[in-house]
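Listed below are the residues making up each chain.
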Amino acid sequence: MHKIGIIGAGLISRSHAESIRTQNGAVLTAVADIREEVGQRFAEEYGCAYFQDAEEMLKHADVEVVIIALPTFLHGKYVELCARYGKHVLCEKPVEMTVEATERMLEQVKDAGIIFMVGQVVRFWSGYTEIKELYESGELGQVHMAFASRCSTLPDWGNEWLLHPEKGAGAICDMHVHDVDFLRDLFGEIDSVYCLASKDHTGCWNHAMSSISFKSGEKAVAEAAFTMSDGYPFTMFFKAAGTKGTVEFTYKAGYNIGERDASTSELRLYRQNRQPVIRKLEQHDPYARQLQYFLSCVEAGEQPARVPHHENLEVIKAIAAIRESADTGKILSLTS
Ligand SMILES: NC(=O)c1ccc[n+]([C@@H]2O[C@H](COP(=O)([O-])OP(=O)(O)OC[C@H]3O[C@@H](n4cnc5c(N)ncnc54)[C@H](O)[C@@H]3O)[C@@H](O)[C@H]2O)c1
């Protein structure tokens with residue numbers, strides 16, 4: 001039985017707690033959150049121990065695996081702490097705010113010999129997994145252009161850190177990382193990026209459009225936005241037009257990503273001389289699939305091949321270059 005602790009009892013921790021409930025061989029034993037009332041309520045709801053101090057949890061709770069669901073700028077500090085206590089870690093995306101902090105974290109993980117995975121949940125998400133299968137099986141042919149988009153209203157569930165340029169950096173970091181990561185997974189190493197973006201009153205680039213070229217020759221544009229008007233549901237979209245086929249995926253959740261029960265999602269596939277295929281997609285819990293995979297890595301004592309560490313670093317390098325491009329208006333190469 002895998003004994004799991006969660007650090008951070010905010011929005012996304014609930015998706016993780018629910019995902020633990022779906023696993024036969026796992027149980028949530030503890031949660032840590034500096035906000036006592038929030039942490040206590042979470043512990044009561046999920047029937048686990050509460051700690052205000054994360055290190056106390058690592059010292060005293062019966063925990064083998066830790067899920068880090070903290071504000072992004074704190075990931076490195078707490079991954080390092082977990083590594084010191086020899087705990088395996090599933091850490092929320094974006095793994096860290098800077099390239100240097102990510103490199104440091106990955107070194108510490110390696111030295112400690114723990115199993116470590118970044119929660120790039122899109123790699124486990126129905127729709128995206130089908131797109132990857134279609135691309136890899138050659139159904140789409142050579143892709144002329146892909147478009148990946150992720151848009152929502154400005155988050156307002158009390159997480160001010162998210163809209164602080166150094167703690168969360170808004171949509172250009174927090175949202176964009178999903179699509180940059182998925183495109184990296186699909187098309188391989190990134191060659192160059194150019195970003196056109198608008199900055200709002202928060203000081204963050206909260207609507208970004210990035211052109212991304214891959215070494216493989218594929219090209220994509222990715223959009224990330226926190227600028228949608230009231231009532232606009234959290235929306236993900238992906239389209240790839242290839243020499244043999246065009247795929248289009250749409251997903252609309254409720255108000256935010258926590259409201260997946262109200263979601264609709266559809267995948268359309270168009271191929272030359274064939275009838276279009278239009279499929280409503282059953283949404284398997286992607287956080288449960290992600291956790292199941294991570295626990296299988298822990299059991300095998302192997303680092304996660306589906307979310308490799310070197311790709312995590314490349315994606316953070318790409319996000320840093322995209323932010324620099326938004327600042328300077330320059331096309332930036334990632335290969336020089
Ligand atoms: N994979 C996804 O779909 C997804 C969705 C949303 C958020 N995220 C990521 O998850 C992470 C958390 O986001 P969120 O929206 O849940 O944030 P949040 O602000 O809702 O929750 C963070 C929690 O951490 C607690 N906390 C802060 N400092 C702490 C400390 N030192 N020790 C213990 N607890 C502390 C806060 O009190 C809060 O309850 C971020 O990195 C974010 O990018 C991922």
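Residues numbered from 1 in each chain as written. Predicted model: local features only at pLDDT ≥ 70, side-chain atom pairs only at ≥ 80, totals over all residues. Heavy atoms only, no water.

Under an unreviewed UniProt entry, the name given to the protein chain is Dehydrogenase, and the source organism is Brevibacillus reuszeri.

1. A look at the nonpolar core
Ranked by internal contacts, the top residues of the largest apolar core, which has 84 residues, are Ile-6, Leu-183 and Phe-238. Looking at which element gives the most residues to this core, the answer is helix 9 (residues 286-300), with 7 residues. Three or more residues apiece are contributed to this core by two domains, here domain 1 (2-119) and domain 2 (123-287 + 317-333). Ignoring sequence-local partners within four residues, the contact set of Leu-183 consists of Ala-146, Ala-148, Gly-188, Ile-212, Phe-214, Ala-220, Ala-222 and Phe-238. The next biggest cluster of nonpolar side chains, apart from the first, holds 29 residues, and it includes Ala-30, Ala-54, Cys-91 and Ile-316. (Core = buried A, V, L, I, M, F, W, Y, C linked by side-chain atoms within 4.5 Å. Buried < 20%, exposed > 50% of the residue type's maximum accessible area, 1.4 Å probe, protein only. Helix = DSSP H or I, 4+ residues; strand = E, 2+ residues; numbered from the N terminus. Domains from an automatic or database assignment. Contact = heavy atoms within 4.5 Å.)

2. Section: the site of the ligand
The full set close to the ligand counts 25 residues, and Asp-33, Arg-35, Thr-72, Asp-174 and Tyr-287 are the nearest of them. A distance of 3.3 Å separates a nitrogen atom of the ligand from a polar backbone atom of Ile-34. His-75 is positioned such that a nitrogen or oxygen atom in its side chain is 3.1 Å from an oxygen atom of the ligand. About the coverage of the ligand: the protein hides 92% of its 850 Å² of free accessible area. Those elements giving two or more residues to the shell around the ligand turn out to be helix 1 (11-21) and helix 4 (75-84). Looking at the shell around the ligand residue by residue, the classes come out as 14 nonpolar, 6 polar and 5 charged. Built from parts of two domains, the shell around the ligand gets at least three residues from each of domain 1 (2-119) and domain 2 (123-287 + 317-333). (Near = heavy atom within 4 Å. Polar contact = N/O pair within 3.5 Å; in protein donor to acceptor, adjacent residues only side chain to side chain. Areas by Shrake-Rupley, 256 points an atom, 1.4 Å probe, with all protein chains shown as cover. Nonpolar A, V, L, I, M, F, W, Y, C, P; charged D, E, K, R; others polar.)

3. Describing the packing of aromatic side chains
Evaluation of the coordinates by the stated rule reveals 11 aromatic pairs. Ring centres of Phe-42 and Tyr-46 lie 4.8 Å apart, and the angle between their planes is 45°; this geometry places the pair in the tilted category. Remark: Tyr-46 and Phe-42 occur in helix 2 (residues 36-46); sequence separation between them is 4 residues, near one turn of the helix. Taken individually, Phe-42 and Tyr-46 each receive the classification buried, so the pair is uniform in this respect. Between Phe-182 and Phe-238, the ring centres sit 5.5 Å apart and the planes meet at 85°, which makes this aromatic pair edge-to-face. With a gap of 56 residues between them, Phe-182 in helix 8 (residues 176-187) and Phe-238 in strand 11 (residues 235-242) connect regions that are remote in the sequence. Given the relative accessible area of 1%, Phe-182 is considered buried. Judged by its relative accessible area of 0%, Phe-238 falls in the buried class. Every member of this aromatic cluster is reached through a ring pair, and the members are Tyr-128, Phe-182, Phe-238 and Phe-249. The residue whose ring lies beneath Arg-306 is Tyr-293, and the NZ or CZ to ring-centre distance is 5.4 Å. (Phe/Tyr/Trp six-rings, centres within 6.5 Å; stacked < 30°, edge-to-face > 60°. Lys NZ or Arg CZ within 6 Å of the ring centre and 35° of its normal.)

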